[in-house]
Amino acid sequence: MVLFSGGLDSILACKVLQEQGIKVTAIKCITPFFSYELKDDERAREYKEVIRNKYGIDVEVVDITPEYLSMITDPPHGYGRYLNPCIDCKILMVKKAMSLMDRYGASFLATGEVLGQRPMSQRRDTLRIIERDSGADGLLLRPLSARFLKPTSAEESGVVDRSMLPEISGRSRKEQIRLAEHYGIKDYPAPAGGCVLADPILSKRFKRIFYTWPDFGPEDCVLGQVGRHFMLPGGSWLVVGRNRAENQALATLIGENDYVLKVLDCPGPLCIARRVKDKSDLVVAASICARYAKVKSLPVTIGVGLRDEKGQNLVIDAIPEDNKIHSYMF
Ligand code: SF4
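Note that this is a predicted model, so its numbers are computed, not measured.

What counts as what
- Residues numbered from 1 in each chain as written.
- Predicted model: local features only at pLDDT ≥ 70, side-chain atom pairs only at ≥ 80, totals over all residues.
- Heavy atoms only, no water.
- Helix = DSSP H or I, 4+ residues; strand = E, 2+ residues; numbered from the N terminus.
- Buried < 20%, exposed > 50% of the residue type's maximum accessible area, 1.4 Å probe, protein only.
- Contact = heavy atoms within 4.5 Å.
- Lys, Arg positive; Asp, Glu negative; His and termini not counted.
- Charge placed at Lys NZ, Arg CZ, Asp CG, Glu CD.
- Salt bridge = Lys/Arg side-chain N within 4 Å of Asp/Glu carboxyl O.
- Axes fitted to C-alpha atoms, helices over the stretch in contact; angles between N-to-C directions.
- Parallel < 35°, antiparallel > 145°, perpendicular 65-115°, else oblique.
- Left-handed = near helix turned anticlockwise from the far one by under 90°.
- Nonpolar A, V, L, I, M, F, W, Y, C, P; charged D, E, K, R; others polar.
- Core = buried A, V, L, I, M, F, W, Y, C linked by side-chain atoms within 4.5 Å.
- Domains from an automatic or database assignment.
- Near = heavy atom within 4 Å.
- Polar contact = N/O pair within 3.5 Å; in protein donor to acceptor, adjacent residues only side chain to side chain.
- Pairing = 2+ DSSP bridges.
- Phe/Tyr/Trp six-rings, centres within 6.5 Å; stacked < 30°, edge-to-face > 60°.

Chemist: Would you mind going over the overall build of the protein with me for this structure?
Modeler: Across its full length, the protein carries 12 helices and 11 strands. Expressed as lengths along the three principal axes of its C-alpha atoms, the size of the protein is roughly 75 × 40 × 35 Å. Buried residues in the protein amount to 51% of all 330 residues. The long-range share in the protein, meaning contacts at least 24 apart out of those at least 6 apart in sequence, stands at 62%. Counting 46 positive and 42 negative side-chain charges, the protein places the averaged centre of each group 4 Å from the other.

The structure is reproduced here in structure tokens:
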């Protein structure tokens with residue numbers, strides 16, 4: 001069983017093992033911060049098909065959101081450069097994969113980690129911490145760098161022939177590219193990217209969300225990634241679509257207790273006001289919504305309502321807010 005990010009290293013970890021005649025099940029973990037589009041069954045099915053066709057790898061999608069959200073505000077091993085808890089993220093994935101080994105008849109676990117490739121999470125001592133703290137001591141093989149590391153049970157028992165494994169370490173990608181050619185792999189994603197917690201702007205926003213609303217849930221983590229964000233004077237959270245695609249995305253994210261704001265008399269953004277306790281925030285929200293509308297005349301008519309009311313319950317004549325808008329933005 002191989003933990004599979006979809007990047008070249010994890011693809012190669014699978015291929016190297018398959019080349020030894022080992023049946024590989026790849027496990028793709030998802031959370032609202034990475035690969036969450038695969039929560040949709042149809043998208044997951046398509047993804048599995050693409051990975052099978054492109055690389056000959058069978059992948060299973062596993063949602064680790066509940067465990068991840070319990071860890072994210074206080075990861076025992078701290079954060080990386082931004083809000084990325086890479087060490088605890090990996091520990092959690094390894095633990096999850098271990099819990100699935102029986103179901104898939106797996107005798108050992110592997111990852112595509114490469115010794116010395118990343119400053120924090122792939123140092124020798126960190127690789128040790130990950131296997132120790134996940135409880136996978138001796139069980140966790142890093143096929144690409146294994147020959148620089150202590151033999152694992154799979155190598156000792158002869159399930160994996162250590163002498164046939166590549167010897168990859170460090171930051172250069174040369175050897176991976178050579179191996180990719182060897183396996184006929186041409187089309188693979190660029191390294192890094194994909195995790196919003198490692199994004200300088202989004203990680204700041206999430207810090208604020210986690211701190212302000214400690215009861216945040218997956219739906220808040222998804223909403224935090226779309227549009228412009230404002231914290232209103234009464235404590236409400238306003239999200240404003242920046243373009244048609246974001247308006248459409250926001251329309252799918254409206255929660256039961258969210259207010260929807262729409263411009264009624266000219267083109268404008270779709271807005272969601274969440275966690276509204278003080279209704280006077282809706283007036284401020286309407287003036288911010290008006291600020292981003294293609295205003296023809298003043299005032300701008302904004303419809304406000306809960307999800308089922310489709311933004312039509314209350315009509316506010318709004319004057320676009322310009323002065324304080326930046327102090328609300330986060
Ligand atoms: S970058 Fe994100 S997904 Fe990757 S290990 Fe770090 S926290 Fe996990």
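Picking up after the structure, the text goes on.
Chemist: Would you mind showing me how to read the pattern of salt bridges here?
Modeler: It is possible for side chains bearing opposite charge to pair when their charged atoms get close. Per the stated rule, a full pass over the model turns up 24 salt bridges. Across the pair Arg123 and Asp125 runs a salt bridge whose closest N-O atoms are separated by 3.1 Å. Judged by its relative accessible area of 40%, Asp125 falls in the partly exposed class. A salt bridge links Arg128 to Asp137, with the shortest nitrogen-to-oxygen separation between them at 2.9 Å. A single network of salt bridges, built from pairs that share partners, joins Lys90, Glu113, Arg128, Glu131, Asp137 and Arg142.

Chemist: Mind showing me how you'd approach the packing of helix α1 (residues 8–19) against helix α7 (residues 174–182) here?
Modeler: In a pair of packed helices, the angle between the axes and the distance between the axes together describe the arrangement. Here α1 crosses α7 at 50°, and the two axes come no closer than 10 Å. The angle between α1 and α7 places the two elements in the oblique class. Helix-helix and strand crossings are classified by hand; for α1 and α7 the assignment is left-handed. Here Leu8, Asp9, Leu12, Val16 and Glu19 of α1 come into contact with α7, specifically with Gln176, Leu179, Ala180 and His182. Of the residues that constitute the contact of α1 with α7, the class distribution is 5 nonpolar, 2 polar and 2 charged.

Chemist: Would you explain the nonpolar core in this entry?
Modeler: Side chains of a nonpolar character, in soluble globular proteins, are inclined to be buried together. Residues Met1, Phe33, Tyr68, Phe206, Ile209 and Phe210 are the most contacted members of the largest nonpolar core, which totals 47 residues. Breaking this core down by element, the ones donating at least two residues are β2 (25–30), α3 (65–72), α4 (86–104), α8 (200–212), α9 (218–223), β7 (237–240) and β9 (270–274). Sorting elements by how many residues they give to this core places α4 first, with 9 residues. Here this core spans two domains, since at least three of its residues come from each of domain 1 (2–196) and domain 2 (226–328). With residues near it in sequence (within four places) discarded, Phe210 still touches Phe33, Ile72, Thr73, Leu83, Phe216 and Cys221.

Chemist: Honestly, the site of the ligand in this entry has me stumped. Any pointers?
Modeler: What surrounds the ligand is the set Phe34, Tyr68, Asn84, Pro85, Cys86, Cys89 and Cys195. Its residues assigned to classes, the shell around the ligand shows 6 nonpolar, 1 polar and no charged.

Chemist: Help me understand the side chain of Glu131, please; the structure alone is not making it clear to me.
Modeler: Summarising the element assignment, Glu131 is placed in helix α5 (residues 124–134). Judged by relative accessible area, Glu131 falls into the buried class, the value being 13%. Within the structure, Glu131 has its side chain in polar contact with the side chain of Arg128 (distance 2.8 Å). Discounting residues that sit within four places of it in the chain, Glu131 has contacts with Ala136, Asp137, Leu140 and Arg142.

Chemist: So what exactly am I meant to see when it comes to the sheet that holds strand β10 (residues 300–306) here?
Modeler: Backbone hydrogen bonds are what pair the strands of a sheet, in a parallel or an antiparallel way. The strand order β6-β7-β9-β8-β10-β11 describes an open sheet built from 6 strands, whose pairing is antiparallel. On the outer flanks of this sheet lie β6 (228–231) and β11 (314–318), each paired with one strand and no other. Looking at each pair of strands side by side, their axes are set apart by 25° on average, direction ignored. Examined bridge by bridge, β7 and β9 share 4 bridges and lie antiparallel to one another. When the sheet's bridge partners are listed, Leu238 is paired in β9 with Ala273.

Chemist: How should the packing of aromatic side chains be read in this particular structure?
Modeler: The geometry of an aromatic ring pair comes down to the distance between the two centres and the angle between the two planes. Here the structure, examined in full by the defined rule, presents 9 aromatic pairs. For the ring pair Phe34 and Tyr68, a centre distance of 5.6 Å and an interplane angle of 80° mean the geometry is edge-to-face. Note that Phe34 is positioned in the loop between β2 and α2 (41–55) and Tyr68 in helix α3, a separation of 34 residues in sequence. This pair shows no difference in class: Phe34 is buried, exactly as Tyr68 is. Aromatic ring contacts, followed pair by pair, group Phe33, Phe34, Tyr68, Phe206, Phe210 and Phe216 into a single cluster.

Chemist: Is there a simple way to explain the side chain of Thr111 in this structure?
Modeler: With respect to the helices, strands and loops of the structure, Thr111 is situated in the loop between β4 (109–110) and α5. The class for Thr111 is buried, based on a relative accessible area of 5%. In terms of polar contacts, Thr111 uses its side chain to reach the side chain of Glu113, at 2.6 Å. Leaving out residues up to four positions away in the same chain, Thr111 has contacts with Leu3, Ala13, Leu140, Leu141, Arg142 and Pro143.

Chemist: Sorry, what's going on with the pairing of β9 here?
Modeler: Where burial is concerned, most of β9 is hidden: 5 out of the 5 residues are buried. On β9, burial covers both faces: Leu270, Ile272 and Arg274 on one face and Cys271 and Ala273 on the other are all buried. Between strand β8 (residues 259–263) and β9, which pair antiparallel one after the other, the connecting turn spans 6 residues.

Coordinates in, geometry out; function isn't part of it.
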